[in-house]
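# Examining the three-dimensional arrangement
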Amino acid sequence: MNRRTELRAFLRSRRARLSPADVGLPTFGGMRRVPGLRREELAQLAGVGVDYYIRLEQGRNHKVSGAVLDAVARALRLDELERVHLHHLARPDRRQPPAADRVSEGAQWLLDNMPDTAAFIMGRRTQVLAWNRPASKIFLDFDPVPERNLALLVYRQPAIRQLVLDWPVLARNVIAWLRLEVGRHPEDEETNAFIAELASEEPDFLRLWNEQDVVDPMHGTYRLRHPLLGELTSTFRTLLLPEDPDQLLIVYAIEPGPVGPEPEAADVIRNPPPGHGPVQPGCCPTHDIAVFIVLGGSAPGPATDSAPAA
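Now for a look at the structure at hand.

Analysis parameters
- Residues numbered from 1 in each chain as written.
- Predicted model: local features only at pLDDT ≥ 70, side-chain atom pairs only at ≥ 80, totals over all residues.
- Heavy atoms only, no water.
- Helix = DSSP H or I, 4+ residues; strand = E, 2+ residues; numbered from the N terminus.
- Contact = heavy atoms within 4.5 Å.
- Areas by Shrake-Rupley, 256 points an atom, 1.4 Å probe, with all protein chains shown as cover.
- Pairing = 2+ DSSP bridges.
- Axes fitted to C-alpha atoms, helices over the stretch in contact; angles between N-to-C directions.
- Buried < 20%, exposed > 50% of the residue type's maximum accessible area, 1.4 Å probe, protein only.
- Phe/Tyr/Trp six-rings, centres within 6.5 Å; stacked < 30°, edge-to-face > 60°.
- Expected span 1.5 Å × (residues − 1).
- Left-handed = near helix turned anticlockwise from the far one by under 90°.
- Nonpolar A, V, L, I, M, F, W, Y, C, P; charged D, E, K, R; others polar.
- Salt bridge = Lys/Arg side-chain N within 4 Å of Asp/Glu carboxyl O.
- Polar contact = N/O pair within 3.5 Å; in protein donor to acceptor, adjacent residues only side chain to side chain.

### Here's the deal with the overall build of the protein
From N to C terminus, the protein includes 13 helices and five strands. A separation threshold of at least 6 residues defines the contact pool for the protein, and within that pool the share at least 24 residues apart is 60%. As displayed, the protein offers around 15,000 Å² of accessible surface, 53% of which is attributable to carbon and sulfur atoms.

### Notes on unusual backbone geometry
With the exception of glycine, the majority of residues adopt a negative phi angle, and the majority of peptide bonds are in the trans configuration. In this structure, Arg125 is a non-glycine residue whose phi angle is positive, near 60°. Structurally, the position occupied by Arg125 is in the loop between strand 1 (118-122) and strand 2 (128-131).

### Some thoughts on the sheet that holds strand 4 (residues 230-241)
To summarise the sheet geometry, strands pair through backbone hydrogen bonds and adopt either a parallel or an antiparallel arrangement. Taken together, the five strands give an open sheet; going across it, the order is 2-1-5-4-3, and neighbouring strands pair in antiparallel fashion. Either end of the sheet is taken by a strand with one partner, and the two such strands are strand 2 and strand 3 (219-226). Here the average twist between neighbouring strands, direction ignored, is 25°. Here helix 6 (residues 105-112) sits on the sheet in contact with strand 1, strand 2, strand 4 and strand 5 (244-255), set at roughly 160° to strand 1. Strand contacts of helix 10 (residues 167-184): strand 1, strand 3, strand 4 and strand 5, with the helix running at about 165° to strand 5, the strand carrying the most contacts.

### Some thoughts on the pairing of strand 5
Looking along a regular strand, one sees the side chains alternate between the two faces of the sheet. Across the twelve residues that make up strand 5, a large majority, nine, are buried. Bridge count for strand 1 against strand 5 is five bridges, and the pairing is antiparallel. Paired with Ala119 across the two strands is Val251, which belongs to strand 5. Examined bridge by bridge, strand 4 and strand 5 share nine bridges and lie antiparallel to one another. Counterpart to Thr235 in the pairing with strand 5 is Ala253. Between the antiparallel neighbours strand 4 and strand 5 lie two residues.

### Observations concerning the packing of aromatic side chains
Applying the stated criterion across every chain, the model contains nine aromatic pairs. Taking the centre distance of 5.6 Å and the plane angle of 80° together, the rings of Tyr155 and Trp167 count as edge-to-face. With Tyr155 in helix 8 (residues 150-156) and Trp167 in helix 10, this pair connects stretches of sequence that are twelve residues apart. Overall, Trp167 belongs to the buried group, its relative accessible area being 9%.

### Quick look at the environment of Val84
With respect to the element layout, Val84 can be found in helix 5 (residues 80-90). Relative accessible area serves as the criterion here: at 29%, Val84 is assigned to the partly exposed category.

### Considering helix 1 (residues 3-16)
A turn of α-helix holds 3.6 residues, and therefore any two residues three or four places apart point the same way. Across its 14 residues, helix 1 extends 20 Å between first and last C-alpha, which sits within 8% of the 20 Å expected from 1.5 Å per residue. Of all the residues in helix 1, the buried ones are Arg3, Glu6, Leu7, Phe10, Leu11, Ser13, Arg14 and Arg15. Buried residues in helix 1 make contact with helix 2 (39-46), helix 3 (50-57), helix 4 (66-75), helix 5, helix 10 and helix 12 (203-210).

### Description of the environment of Thr126
Structurally, the position occupied by Thr126 is in the loop between strand 1 and strand 2. The sequence separation of Thr126 and Glu181 amounts to 55 residues, and the corresponding C-alpha distance is 9.4 Å. Contacts of Thr126, omitting those with residues within four sequence positions, involve Arg148, Asn149, Leu150, Ala151, Val174, Trp177, Leu178, Glu181 and Phe194.

### Notes on the packing of helix 2 against helix 4
Axis separation between helix 2 and helix 4 bottoms out at 8 Å; the angle between their running directions is 115°. Like other packed secondary-structure pairs, helix 2 and helix 4 cross with a definite hand, here right-handed. Here helix 2 contributes Leu42, Leu45 and Ala46 to the contact with helix 4, which in turn contributes Ala71, Val72 and Ala75. Residues that form the contact of helix 2 with helix 4 fall into these classes: six nonpolar, no polar and no charged.

### Describing the pattern of salt bridges
Scanning all chains against the criterion turns up 26 salt bridges. Among the ionic contacts, a cluster of salt bridges with common partners joins Arg14, Arg17, Glu82, Arg161, Arg172, Asp204, Arg207, Glu211 and Asp213.

### Focus: the environment of Arg14
Counting through the fold element by element, Arg14 comes out in helix 1. Residues Arg14 and Leu37, 23 residues apart in the sequence, show an inter-C-alpha distance of 8.9 Å. Arg14 has contacts with Leu76, Leu78, Glu82, Glu211, Gln212 and Asp213, leaving out every residue within four places of it along the chain. Within polar-contact distance, the side chain of Arg14 engages the side chain of Glu82 at 2.8 Å. Separated by 3.0 Å, the side chain of Arg14 and the backbone oxygen of Gln212 make a polar contact.

### A short note on the side chain of Arg91
The residue Arg91 is located in the loop between helix 5 and helix 6 in this model. Not counting residues up to four positions away in its chain, the partners in contact with Arg91 are Val64, Ser65, Gly66 and Leu69.

### Regarding the pairing of strand 4
Two elements, strand 3 and strand 4, share eight bridges in a ladder whose sense is antiparallel. Across the sheet, Thr221 pairs through a bridge with Thr235, a residue of strand 4.

What follows is the structure in structure tokens.
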């Protein structure tokens, strides 16, 4: 996967969803060999030459202007997120330098001083870089988790599907975050390898990725079924950190307020049976990764409030 592949797939998918009738073009009857608009028809609508548009769709026009991309976006009826995504893919010279996989002291301070609000910071490839105690109680204590990566957790951990009733919405948001990253860094080998691995191993990921939808992952709502706190509504807002555009601060408002865990359930989580050994994610059916969703990481030993400061 590279920039040209992504650009070609995106533009083809956007052409395929429009018919000539949608944009006021005659069809002249008969069968059409391709779904949606032909390249020639799109070039006509955008006011550019056919050869010029073909080079653009193939990723061979590195000096395409922003005005031409906007004309193509209008012809394809792209929304604002899709228009920005097209610019990122078609103009790789505008991409940002890669981000460091650690948070700044200021960002960590912000997390630590949000005692009543669940929040975490996500970096490149949906890597979870830092979190606070409320996030540990409501969602997941990432400290004992071997792979602190949101995409891997969402697509590979059954407990996350059980926790998030709106799992399809979360799954599409993960795709959206990764697609925006590809737009910013289309030639990044690590990101492309990560996406290729998920696509080869997770059918749900491959299906959603191939749909080429560009959704807004910056705000929304999930319904949760918490193992101890019952059903909750989680409204989130995603903020870009000014010191690093590749790091996102995701903040959650939880309603209704947690009423506290049932004593019996809390005891099962805190105290494994005699001879069980250390509690780890997925160690047995009783102690799946959901064990670490509540109580700030309740495996034996001291709880961790957040990831280490950078």
